[in-house]
Amino acid sequence: MKQMGNGEKKLTMQVMAALLASAAIGTTAFAAEAVHGESADVAADVYELEDTVVTAERRPTKKMETPANTTVITAREIEDNHYQSVDEAIGHVNGVSIVRMGGGLRSYVRINGDDRVVLLVDGQKLNDDQGSLSRASVDLNMIPSMDNIQRIEIVKGGSSALYGSDAVGGVINIITKNAVKNETKVDINTGSWGSHNYTLSTQGKENDLSWFVTGGLQKRGHFDYKFNGNSPTMANSDYNNNSFSMKLKNRFSDSDSIAFSYAHRSVDDGQYVCNGLTSSPDNSGLRLKENLNNYSLTWNFKEDTAVPGYVRFFYNHKWIDQRSPFSNRTMGLDAQYGWHLNDTNTLLTGIEWHQSNSENAASGYYGKKLTNKSVFLQDTWKFADKWTLVPGLRMDNHSMFGTHWSPKVAINYLADADTQVYASWGRVFKAPTADDLYTYSPGYYSNFGNPNLKPETGYTATVGMNHNFNDKTSMGISVFYSSLNNAIAWPQVQPYVWAATNLDKEKRRGLELSFKQELSPMWSYDLGYSYIKREATFTGSPMIADSGNLQPNGYRIGIHYKSGAWKANLLGTIGSGLDAQYYNNNSSYNIWDFNLSYDIKKNITTYFKVNNLTNQEHFEQKGSLASAWGPASYYPCAGRFYQVGLTCTF
């Protein structure tokens, strides 16, 4: 760990001392305020329950009655592991892999090996139509704070019928907290590479008005990585990150409320570029600047029913300067309504209008608008004692690609209270992004979009089973398959020339196994395995395996200890079967993260973390399929990282 300067040490010690003093003399405000007839503590725990999911069917359903492969990360898990970012939290989920660029400053998620994933916050879509040279269209680090997250729901498998474009690999919905008590929390930590993080969150209630506000300051120097037995430093890889979020909610009754949310993140990042294994000589002093602002205003109604409804207006603005500036403005109007018709039928419907405005001077386009209007309808029909059928249909009308229909059907069989079998099938539709269509960037390194691209269409299917052996032991298994026509890729068509191209066919198939067991009140563990294979074919060529697959075989191991004031977690992420040609002769990796925390008092916790405990050499590839002119460029992942911190609530 690099040494802090005297000034930094003095500042850190002063802040820690002040927090300890204020926490020691202060009193914790745990007012038992009534929330829908329940105490604040009870209400806070409602959404901690893993047996309820909201995202898969766009309404609250029991997990065993939901025909989808879902995972829930609760606020308690986030707090126990002291996760600093969304990508750190979901990166330990079976079947999920993270592409971390910039030493982790920019992170893109793949579910079932697919980076066409929808990212939601409280049901609001953050994906934009500008896109990138991969199929990912949203950075996980757009989320400014972990302190206001109540739960993260991950739905694996296609969900286009409900969530439209991008929902091919799956959906991630980050559900934020509602204030249920008057409380302020401060988290400060310091660690390797001169990193210093200061975050503050405060929540409160006054009659029908509640608020939850967070703010954060992050700073880090140049990171180290492992390469051929050495630990070099990546030049120009430092960053500063400032964030702020606010959620105001006014409740009119038990069933109606209005909420305003705002999230901001600004970044000043050293911009390094990796070609092969070393940083490029032309990146010295270049900076990457990001400014992200997301607004939403939501009227919620029927909140106390089985099918909550809402009307929402949102506006998201992304501005990034990466050698040259590019930006995207997306606004939308969403509405959802439902009816619990009887004991066997629940109907859900909704409409969406989204418009994006993208420009990228360096890529040769300005003021390109894309508009999508959609309507969806879904019925949950319990047609027999143990059987539920969920048909659905979505219509998308795109300003460039016309009307597309995305039907779905899912079935759930609840053999008994502890055994679930499910299957789902659905068509998918993803329109090309502005980058795909309009990029025109000639030069030594050239990128060319294609205005004649066709949209990506196809289908996904999943079959799975979950079983609880008892209240301490459970297992799950699922198999998925997806097939896309006209999948879009950016292959290297000539030396140093990349072009947007429709592939003939892209296929994915995979398997996922999971097992959890609580051995005692102190010890528990979880195991996971996933197999993912992606193949694609160009015009007239045979199927080619994806050499950039980060996790052909993925393994997850979690060992958890909790006793009194102590908590400890050892988390393993292992990958094997990689194409060694593209990962510096590494065909496998095993990354171990460890964290330890101790509750000094009820309102004071100190913690210690080590990420990449064994200082493993591993790389994240930028791009997908290989070309005839050599491997895609890839980036080294950060090496061993230490962190020590303190949280205080008062």
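Provided above is the structure to which this section pertains.
All of the points below concern the structure found in this document. This one's a predicted model, so the numbers in the text were calculated from it and none came from an experiment. (Residues numbered from 1 in each chain as written. Predicted model: local features only at pLDDT ≥ 70, side-chain atom pairs only at ≥ 80, totals over all residues. Heavy atoms only, no water.)

### What about the overall build of the protein chain?
No. 1: On a plain count of helices and strands, the protein chain comes out with six helices and 42 strands.
No. 2: Within the protein chain, the proportion of its 650 residues that are buried is 53%.
No. 3: Residue pairs at least 24 apart in sequence account for 62% of intrachain contacts in the protein chain once pairs closer than 6 positions are excluded.
No. 4: Accessible surface for the protein chain amounts to roughly 26,800 Å². Of this, 57% is attributable to carbon and sulfur atoms. (Helix = DSSP H or I, 4+ residues; strand = E, 2+ residues; numbered from the N terminus. Buried < 20%, exposed > 50% of the residue type's maximum accessible area, 1.4 Å probe, protein only. Contact = heavy atoms within 4.5 Å. Areas by Shrake-Rupley, 256 points an atom, 1.4 Å probe, with all protein chains shown as cover.)

### Digging into the packing of aromatic side chains
Any pair of aromatic rings gets described here by the distance separating the centres and the angle formed by the planes.
No. 1: Going through the model one piece at a time under the given rule, you end up with 26 aromatic pairs.
No. 2: Relative to Y337, the ring of F301 lies with its centre 5.8 Å away and its plane at 35°, an arrangement referred to as tilted. Linking F301 in strand β17 (residues 287–301) with Y337 in strand β19 (residues 324–340), this pair joins segments that are 36 residues apart in sequence.
No. 3: Classification of F301 by relative accessible area gives buried; the value is 11%.
No. 4: Positioned above the aromatic ring of Y310 is the side chain of R312, whose terminal nitrogen or guanidinium carbon lies 4.6 Å from the ring centre.
No. 5: The cationic tip of K368 hangs over the ring face of Y438; the distance from NZ or CZ to the ring centre is 4.7 Å. (Phe/Tyr/Trp six-rings, centres within 6.5 Å; stacked < 30°, edge-to-face > 60°. Lys NZ or Arg CZ within 6 Å of the ring centre and 35° of its normal.)

### Observations concerning a nonpolar patch on the surface
No. 1: Taken together, the side chains of F252, I258, L297, W299, V311, F313, M331 and L333 make up a nonpolar region of the molecular surface, amounting to roughly 700 Å² of accessible area.
No. 2: Of all the secondary-structure elements, those providing two or more residues to the nonpolar patch are β17, β18 (309–322) and β19. (Patch = residues over 30% accessible without salt bridge, like charges linked within 9 Å, V, L, I, M, F, W, Y side chains within 5 Å. Salt bridge = Lys/Arg side-chain N within 4 Å of Asp/Glu carboxyl O.)

### Let's talk about the pattern of salt bridges
No. 1: Summed over the entire model, instances satisfying the criterion amount to 30 salt bridges.
No. 2: For E456, the salt bridge goes to R116, with nearest N and O atoms at 2.8 Å. Linking E456 in strand β27 (residues 456–470) with R116 in the loop between β5 (106–111) and β6 (117–121), this pair joins segments that are 340 residues apart in sequence. Each member of the pair, E456 as well as R116, is classed as buried.
No. 3: In this structure, the salt-bridge partner of K181 is E183, at a minimum N-O distance of 3.7 Å.
No. 4: When its relative accessible area of 14% is taken as the criterion, K181 is described as buried.
No. 5: If you follow the salt bridges from partner to partner, you end up with D114, R116, E456, E506, R508, R534 and D546 in one network.

### Re the pairing of strand β12 (residues 209–220)
No. 1: Bridging between strand β11 (residues 195–206) and β12 involves 11 bridges; their strand directions are antiparallel. Looking at the pairing, T202 lines up with V213 of β12.
No. 2: Hairpin geometry of β11 and β12 is characterised by an intervening segment of two residues between the two adjacent antiparallel strands and by a positive phi of about 60° at N207.
No. 3: In this sheet, strand β13 (residues 239–251) lies alongside β12 in antiparallel orientation, the contact comprising 12 bridges. The residue bridging G216 from the neighbouring strand is S243, located in β13. (Pairing = 2+ DSSP bridges.)

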